[in-house]
Amino acid sequence: MAKTETPPPVIVLKELKKSFGVGDAEHFAIDGIDLTIQKGEFIAIMGPSGCGKTTLLNILGLLDSSIEGDYELDGVSVDSLSQRKQAHIRSERIGFVFQSFNLVSRLNVIDNVSLPLIYKGLSSMARAKKASKILHDFHLGEREFYMPYQLSGGQMQRVAIARALVNEPSIILADEPTGNLDSHASHIIMEELSDLHQKGNTIIMVTHNPDLTTYASRVITMLDGKIDTDTFRLPLPARHSLKRPLGPVEKPKSKKATKATTKTAKSTLAKKPKIKKEAS
Amino acid sequence: MRILLANHIHNARQSIKSNRLRSLLTMVGITIGVASITTILALSAGANTIVRSQVDALGGNITIVRPGAVSNSSLDELSQLTTPTQFEASSLTALDIKSIQALPHVTAVAPLMVLGGTVTGDSEASPRTPIVATTPDLELVNNIGISEGQFLDDTLNPMTAVIGPQLSIDIFGTEHSIGKTVHIKGASFTIIGVLKRQNNPVNYNNVDFDSAVFIALGAGTNLNQGSLHLQQINVQSDSVEHLESVITDINKALLKTHFGEVDFSVLSGAQIAKPSSQLFIAIAGVSVAIAAISLIVGGVGIMNIMLVSVAERTREIGIRKALGASNGDIVAQFIIESLALSVGGGVGGFMLGYALAFIISTFLTFDPIITWEIVGTAIGISVVIGTLFGIYPAIRAARKDPIAALRQYE
């Protein structure tokens, strides 16, 4: 695997292994992965169920620290970090987006979004301001005081992304972010992630949907706990990226569009390039 | 850290609100425990001050002489409570009365000889009716009020008696019993006075004056086969300043008449109240220990509910951890929630306890007392219970594996 000198690697995995069970029942969910991820990459991890995608993501997100091998985050071996320090890194550097949104059901939207800020130690006023701002950016300003169950799936996932981003993390880990969404909502979510990528964030996304890999700058497929294929290429600095945001035309009215255009956009994702042509 | 604390409190409030009934029932356990402890403490503090305030009310110039040396162990003081039925022979004699009377600054000396025996008027009194043989000075020393007639007088016929109002009602059916004849241990006495109602069944004389009959010391000695048996000698000095010197003088004088044997004790102020205070403290201690059991039950209830709450919110814990909460944050969140339950129950219990104490005190002769110690005890107990029984669920919450927690219900 080639290494670049220019941008320092954010994540370096060396001979990473993760096993479940003991003795005869021992099973390696991750069986020796070497991986270097540069700053500003948008990585899509694909692979069949049970190949260790989610396990890998959990390890990258410091949720699972009982691993063999070496995991270096920003040049620091994770092994040497205390639990407290790891929690701190999760708070400052990493944003999680889950397939099932994982909003706290008894908190309203703005409280959900300001949840990560609590552990950063911000005052309630500062939290509300920041959360409100990011919700506006995601066109959810009017939904601030809704409860999660009052939102559509797409809206919930956008709240979840807003929550993942409110701490301004540099790494975003997304575990099948569109897995529970219809194709139109998926498209919107992917646009948001793509936008973040443009801004220079590192995004690592696990997905089952091959169509979504078009958004990624690098696609990794896994099989039985090992990396099967990797379309590694040198990442381009974000502002010179060849990729252009796909939906600036749609974005301002995305809120209403969610429902209004569902019918027309039934096949949006599959025929995305075509739609783009029509739009332009 | 302060901001986090405010947030945890906000969180706890929200969680308690969303499970209103469950939280309320959990709090009731603590409320009952704290209420019973508060009631007991408030009432016993009230009872404690009775004897003390009686001594103070008499002007602080009273000292009493009792047979038997003072013991330093508080447990002994419990058994040292002199009762009219105590069997120990008294070491105090008529000579002691005389030598105390002769001391300077002593204005009144009232020996108390309490006898048991049948007291009969129109009907027979309870067999435990105290017959108090004393001198006229008792009126001065104890500031006894007379509602009708007069107190004992040396110049009168020795076969005269003064009667307490309650005893008068018990045996004659009226408080106006002057001139009637009362039979004490077979001898007939004419009633020359009725005392004012004192309503002090617990006092340093260990005699309820309301239901006692008073006769002269000489007559009492005769009823007791001619032997004098003094429970106590009450001494009044002419001023508070001279009390110290009077006590010293009494000690010296009695030591001389008792040939250097310290078989008596001279008590003043708080010392007089001590044996009865000790008794109340012991009673209160035992009751509090029993009430503490209900607190433990309440604490187990809190622990139970917190475990349920942790199980219910496993997913939330996972989310919070993924978003950057450290184990400490999770522990703090759940401990504060259990503290909110126990302190809420404790405050409720404290108020309920005082309400109860006041209701109970309407049937008693003393009022409950609110002291900072009791407030502190009630709040302290609830904090301790909340922390103690909240710690295990909180640690369990913090130890949850975030991945497993996030996978729940998926």
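No experiment lies behind these values; they were computed from the predicted model shown. (Residues numbered from 1 in each chain as written. Chains lettered and ligands numbered in written order. Predicted model: local features only at pLDDT ≥ 70, side-chain atom pairs only at ≥ 80, totals over all residues.)

Caption draft 1: Region of the structure containing the interface of chain B and chain A. Residue-level contacts link 19 residues of chain B with 20 residues of chain A. Mapped onto the side of chain B that touches chain A, the elements with two or more residues apiece are helix H1 (2-18), helix H10 (314-322), helix H11 (327-361) and helix H13 (402-407) of chain B. Among the elements that make up the side of chain B that touches chain A, the one with the highest residue count is H1(B) (five residues). (Contact = placed C-beta atoms within 7 Å. Helix = DSSP H or I, 4+ residues; strand = E, 2+ residues; numbered from the N terminus.)

Caption draft 2: Broad picture of the pairing of strand E1 (residues 9-20) of chain A. Residue and element names in this part refer to chain A. Summarising the sheet, E1 and strand E2 (residues 27-38) pair through nine bridges and their orientation is antiparallel. Within E2, the residue paired with Ser-19 across the bridge is Phe-28. If you look at the hairpin formed by E1 and E2, you'll find six residues sitting between the two strands, and Gly-21 has a positive phi there, around 80°. Pairing geometry for E1 and strand E4 (residues 68-73), over five bridges, is antiparallel. Paired with Val-12 across the strands is Glu-72, a residue of E4. (Pairing = 2+ DSSP bridges.)

Caption draft 3: Layout of the sheet that holds strand E5 (residues 76-77) of chain A. Residues and elements named next belong to chain A. With antiparallel pairing, the four strands of this open sheet are ordered in space as E2-E1-E4-E5. Every interior strand has two partners, whereas the edge strands, E2 and E5, have only one. Strands E1, E2 and E4 of the sheet are contacted by helix H1 (residues 53-60), whose axis makes an angle of about 55° with E2. (Axes fitted to C-alpha atoms, helices over the stretch in contact; angles between N-to-C directions.)

Caption draft 4: The packing of helix H3 (residues 109-118) of chain A against helix H4 (residues 124-137) of chain A, seen in detail. Residues and elements named next belong to chain A. With their axes 9 Å apart at the nearest point, H3 and H4 run at an angle of 120° to one another. Between H3 and H4, the angle falls in the class oblique. Judged by the sense of rotation from one axis to the other, the crossing of H3 with H4 is right-handed. Counting all contacts with H3, which are made through Val-109, Ile-110, Val-113, Ser-114, Leu-117 and Ile-118, the residues of H4 involved are Arg-127, Ala-128, Lys-130, Ala-131, Ser-132, Ile-134 and Leu-135. (Parallel < 35°, antiparallel > 145°, perpendicular 65-115°, else oblique. Left-handed = near helix turned anticlockwise from the far one by under 90°.)

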